[in-house]
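Structural overview for review
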Amino acid sequence: MRGAVTFRWLATAVGAAGLVSGVVALVAFRSGAATNAVIVTASFAPALLAVTVLGFLVTAAARRRLLAGASALVLVLGGWALGPLWIGGATGVDAPVDGPTVRVMQSNLMVGSADPDAFVRTVRDRDVDVVTVQELTEPAVDALRDAGLEDVLPYTVLEPRSGGNGGGIYSRLPLSNGRLVETMALTNLVVDVDAGLPEPVVLYDVHPVPAYAAPAEHWTADFDALRAELDAAAVRDNVIVSGDFNATYTHRKFRDLRSGGYVDAADLLGAGILPTYPTDKRYPAVVGIDHVLTKGAQATSLERIDVVGSDHHGLIADVQLQASRPDTE
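Okay, so let's go over this structure. The model shown is predicted, which means the values in this text are computed figures rather than measured ones.

Along helix α5 (residues 116-125), the residues classified as buried are Ala 118, Phe 119, Val 120 and Val 123. Along its buried surface, α5 packs onto β1 (101-108), β2 (130-134), α6 (138-146) and α7 (149-152). One side-chain oxygen of the residue at the start of α5 lies 3.2 Å from the amide nitrogen of Asp 117, identifying that residue as Asp 115.

So, in structure tokens, the structure goes:
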């Protein structure tokens, strides 16, 4: 009897903790509050909901019906919020595309520490057309050049800088009109890519500041600036936005980027939660902060890859371009 009572009290404690975790996750998911606590909490919303699952199972087994019912309701709301990640096409973007395919690779180099030979080997073996990199340094530019990256991808727009501020674009296709997105704190680049279409593809290499290392208002300002930039570019037929966003699907500011018709490749393909950071710990990557977004063009495949020497996984996405302007009648 004493054991049963102890189990019921333990179940109550676990259920209450799970319920609180789930509510916190949902509030953080919906909130646009510019505080570091909310931003970081939103990053771990799926893990917090996993605690709710545990609480539900324990309270259901202990017949704590009120707690179990409340936990079930929170889980239903969590499924409504995160479920689209596992449903291909749930974003509603289903316009046909009829142009060539460009293979895009995204990689954070961890302040230039990624192994250059392994990096170039991946680019060669996977027939990558365009690479976006963050945390590019002058020594990394030299090392990648010596390893043969510019032999494979000869067109470049590079802004190497010390620390984690640099960025760059390497391409097999001609590039033009490269520029910085001046209103953002770190190096964020935009360039036109000649893919043989009447109008060039607009390619962004983005890197908003990390909320865990910078004041929340700086992270928020970066996303506001990025949204304004992407909304202005949305008039173009093909836009690709690739980078380390320092944000996940569970951040409202990230989801708001879709206002101009953009879609995350992972969402479109039903890839679910795709953790990319960190990879230099004893535990697996826990948050998905690297993304490839498209507007007009559409991702047809997405793969997470290892980047030797970096603390991020990379991404490789096949992106089919829109060759003809959609009928607007």
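Picking up where we left off.
Within strand β8 (residues 239-244), 6 of the 6 residues are buried, which leaves the element mostly enclosed by the surrounding structure. The two faces of β8 match: Val 239, Val 241 and Gly 243 on one face and Ile 240, Ser 242 and Asp 244 on the other face are all buried. With helix α8 (residues 216-233) bridging strand β7 (residues 201-206) and the parallel β8, this β-α-β connection has right-handed handedness. Sheet topology note: the β8/strand β10 (residues 290-295) ladder contains 6 bridges and is antiparallel. The residue bridging Gly 243 from the neighbouring strand is His 291, located in β10.

With respect to the element layout, Ala 247 can be found in the loop between β8 and α9 (252-256). For the pair Ala 247 and Ala 42, spaced 205 residues apart in sequence, the C-alpha to C-alpha distance is 9.1 Å. In contact with Ala 247, not counting residues within four places along its chain, are Trp 219, Phe 223, Phe 254, Gly 288, Ile 289 and His 291.

Counted by the stated rule, this structure contains 3 aromatic pairs. Their ring planes at 45° and their centres at 6.2 Å tell us that Phe 29 and Tyr 249 sit as a pair that is tilted. With Phe 29 in helix α1 (residues 2-30) and Tyr 249 in the loop between β8 and α9, this pair connects stretches of sequence that are 220 residues apart. Residue classification places Tyr 249 among the buried residues on the basis of a relative accessible area of 12%. Measuring from centroid to centroid gives 4.7 Å for Trp 219 and Phe 223, while their planes differ by 50°, and the two rings are tilted. Here Phe 223 and Trp 219 lie together in helix α8, a separation of 4 residues that amounts to about one turn. The class of Trp 219 is buried, set by a relative accessible area of 3%. For Phe 223, a relative accessible area of 1% gives the class buried. Taking the ring centre of Phe 29 as reference, the NZ or CZ of Arg 255 above it sits at 3.7 Å.

With that out of the way, let us pick up the pattern of salt bridges. Scanning all chains against the criterion turns up 11 salt bridges. The shortest N-O distance in the salt bridge between Arg 103 and Asp 318 comes to 2.6 Å. Here Arg 103, found in strand β1, pairs with Asp 318, found in strand β12 (residues 314-320); they are 215 residues apart in sequence, far enough to count as distant. Exposure remark for Arg 103: the relative accessible area of 22% places this residue in the partly exposed category. For Asp 318, a relative accessible area of 14% translates into the label buried. The network of salt bridges with shared partners includes Asp 142, Arg 145 and Glu 150.

Here we come to the sheet that holds strand β9 (residues 263-264). Pairing within the open sheet is mixed, and its 6 strands lie in the order β5-β6-β7-β8-β10-β9. What marks the edges here is a single partner per strand, and that holds for β5 (175-180) and β9. The pairing of β5 with strand β6 (residues 189-193) spans 4 bridges and is classified as antiparallel. For Leu 175, the partnering residue across the bridge sits in β6 and is Val 193. Across the sheet, α8 is in contact with β5, β7 and β8; its angle to β7 comes to roughly 170°.

This paragraph deals with the side chain of Ser 310. Among the secondary structure elements, Ser 310 is positioned in the loop between β11 (298-305) and β12. A relative accessible area of 7% means that Ser 310 is categorised as buried. Within polar-contact distance, the side chain of Ser 310 engages the backbone nitrogen of His 312 at 3.1 Å. Sequence-distant contacts of Ser 310, defined by excluding residues within four places in its chain, comprise Asn 108, Leu 109, Met 110, Ala 114 and Thr 279.

Thresholds, definitions, all that
- Residues numbered from 1 in each chain as written.
- Predicted model: local features only at pLDDT ≥ 70, side-chain atom pairs only at ≥ 80, totals over all residues.
- Heavy atoms only, no water.
- Buried < 20%, exposed > 50% of the residue type's maximum accessible area, 1.4 Å probe, protein only.
- Helix = DSSP H or I, 4+ residues; strand = E, 2+ residues; numbered from the N terminus.
- Contact = heavy atoms within 4.5 Å.
- Polar contact = N/O pair within 3.5 Å; in protein donor to acceptor, adjacent residues only side chain to side chain.
- Right-handed = clockwise from strand over helix to strand, strands pointing away.
- Pairing = 2+ DSSP bridges.
- Phe/Tyr/Trp six-rings, centres within 6.5 Å; stacked < 30°, edge-to-face > 60°.
- Lys NZ or Arg CZ within 6 Å of the ring centre and 35° of its normal.
- Salt bridge = Lys/Arg side-chain N within 4 Å of Asp/Glu carboxyl O.
- Axes fitted to C-alpha atoms, helices over the stretch in contact; angles between N-to-C directions.

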